[in-house]
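Here's the letter readout for the chains.
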Amino acid sequence: YYAYDDGVAENGYGLTSTSAKLYLAYRFDLPMEDTLVAIDICFNRTRGDENAQIPFNLCIWSNEGGCPGITLYKDPVQQFTEVGGINSYVRYKLTTPQLVNGSIFVGFEQANNAYINIGFDRNNDVSDRIYYRTATSWQRSILKGALMMRPCFGQFALSDISSPTPKD
């Protein structure tokens, strides 16, 4: 997998809006063509599991001028709540592995404005790679840190997983 985070969530990151749909995208620059097979996401636990079982669509977007562009992949999933220990990741296997290269964006589309609390590493600042959309245009995040979301590549990532699977 590719990671900008150090594996420890100092905070949480999520979107809220009165918009019908919310989008979160995270840019990764690939040195060569590869097969994207899964996305690992670290969900922060919340009191009373207020953000549990929220449906969303995993998405992959092309890079258009440094912002998310055309939707290359979209697959409905549900937030998995029993993720094991603190800072554990859930691996979402893509229904159809995607051949990708160059800069891509991975993330999700929310069908409602429920708050999905993703781990946020404050020790590594890659805020220039985090984008969100609550209306018609993409905006860059102003929060300094790294999302705890990791794209997974190659056949090895498929061999021992079912979707979703906690990964420590």
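What you are looking at is a predicted structure, and each value in this text was computed from that prediction instead of being measured.

Rules and cut-offs
Residues numbered from 1 in each chain as written. Predicted model: local features only at pLDDT ≥ 70, side-chain atom pairs only at ≥ 80, totals over all residues. Heavy atoms only, no water. Salt bridge = Lys/Arg side-chain N within 4 Å of Asp/Glu carboxyl O. Helix = DSSP H or I, 4+ residues; strand = E, 2+ residues; numbered from the N terminus. Buried < 20%, exposed > 50% of the residue type's maximum accessible area, 1.4 Å probe, protein only. Pairing = 2+ DSSP bridges. Core = buried A, V, L, I, M, F, W, Y, C linked by side-chain atoms within 4.5 Å. Contact = heavy atoms within 4.5 Å. Phe/Tyr/Trp six-rings, centres within 6.5 Å; stacked < 30°, edge-to-face > 60°. Polar contact = N/O pair within 3.5 Å; in protein donor to acceptor, adjacent residues only side chain to side chain.

Chemist: Help me understand the pattern of salt bridges in this model?
Modeler: A pair can form between side chains of opposite charge whenever their charged atoms are brought close. This model, assessed by the stated rule, comprises six salt bridges. Notably, a salt bridge pairs Lys21 with Glu109, separated by 3.7 Å at the nearest N-O pair. With Lys21 in the loop between strand 1 (11-13) and strand 2 (22-41) and Glu109 in strand 5 (residues 89-110), this pair connects stretches of sequence that are 88 residues apart. The exposure class of Lys21 is partly exposed, given its relative accessible area of 37%. A relative accessible area of 4% places Glu109 in the buried class.

Chemist: Please clarify how the pairing of strand 2 should be interpreted in this entry.
Modeler: The side chains of a regular strand alternate, first on one face of the sheet and then on the other. Most of strand 2 sits out of view: 14 of its 20 residues are buried. By the bridge criterion, 16 bridges tie strand 2 to strand 5 in an arrangement that is antiparallel. Across the sheet, Leu24 pairs through a bridge with Phe108, a residue of strand 5. Note that strand 2 and strand 7 (residues 130-133) share four bridges and pair antiparallel.

Chemist: I keep staring at the nonpolar core and nothing clicks. Help me out?
Modeler: Taken as a class, soluble globular proteins show a tendency for nonpolar side chains to be buried jointly. Counting residues in hydrophobic clusters, the biggest one holds 33 residues, and the most contacted among them are Leu24, Tyr26, Ile41, Phe56 and Met149. Elements supplying a minimum of two residues to this core: strand 2, strand 3 (55-64), strand 4 (67-78), strand 5, strand 6 (118-121), strand 9 (146-147) and strand 10 (149-153). Ranked by the residues each element gives to this core, the list is headed by strand 2, at eight residues. In contact with Ile41, not counting residues within four places along its chain, are Phe56, Leu58, Ser88, Tyr89, Val90, Tyr92, Ile118, Met148 and Met149. Grouped together as the second largest cluster of nonpolar side chains are seven residues, Ala25, Cys59, Phe105 and Tyr131 included.

Chemist: Would you mind showing me how to read the sheet that holds strand 1 here?
Modeler: What the three strands build is an open sheet, ordered 1-6-9; its pairing is antiparallel. Every other strand in the sheet has two partners, leaving strand 1 and strand 9 as the edge strands with one partner each. Alignment of strand 6 against strand 9, held across two bridges, turns out to be antiparallel. What sits directly across from Asp121, in strand 9, is Ala146.

Chemist: Any chance you could explain the packing of aromatic side chains here in plain terms?
Modeler: Working definition: an aromatic ring pair is given by the centre-to-centre distance plus the angle between the planes. Here the structure, examined in full by the defined rule, presents twelve aromatic pairs. Centroid distance Phe56 to Tyr92: 5.8 Å. Interplanar angle 75°. Geometry classified as edge-to-face. Placement of the pair is Phe56 in strand 3 and Tyr92 in strand 5, with a sequence separation of 36 residues. Tyr92 gets classed as buried once you look at its relative accessible area, which sits at 1%. Overall, Phe56 belongs to the buried group, its relative accessible area being 3%. An aromatic cluster of at least three residues, connected via ring pairs, comprises Phe43, Phe56, Tyr92 and Phe108.

Chemist: Help me understand the environment of Gly69 in this model?
Modeler: Its place among the elements puts Gly69 in strand 4. Residues Gly69 and Ile104, spaced 35 residues apart in sequence, show a C-alpha to C-alpha distance of 9.1 Å.

Chemist: Would you explain the side chain of Arg150 in this entry?
Modeler: Position of Arg150 relative to the elements: it lies in strand 10. Look at Arg150 and you get buried, because its relative accessible area is 9%. Within the structure, Arg150 has its side chain in polar contact with the side chain of Asp5 (distance 2.6 Å). Excluding anything up to four places from it in sequence, Arg150 contacts Tyr1, Tyr2, Ala3, Asp5, Asp6, Gly7, Ala38, Ile39, Asp40 and Tyr89.

Honestly, it's all geometry; don't read function into it.
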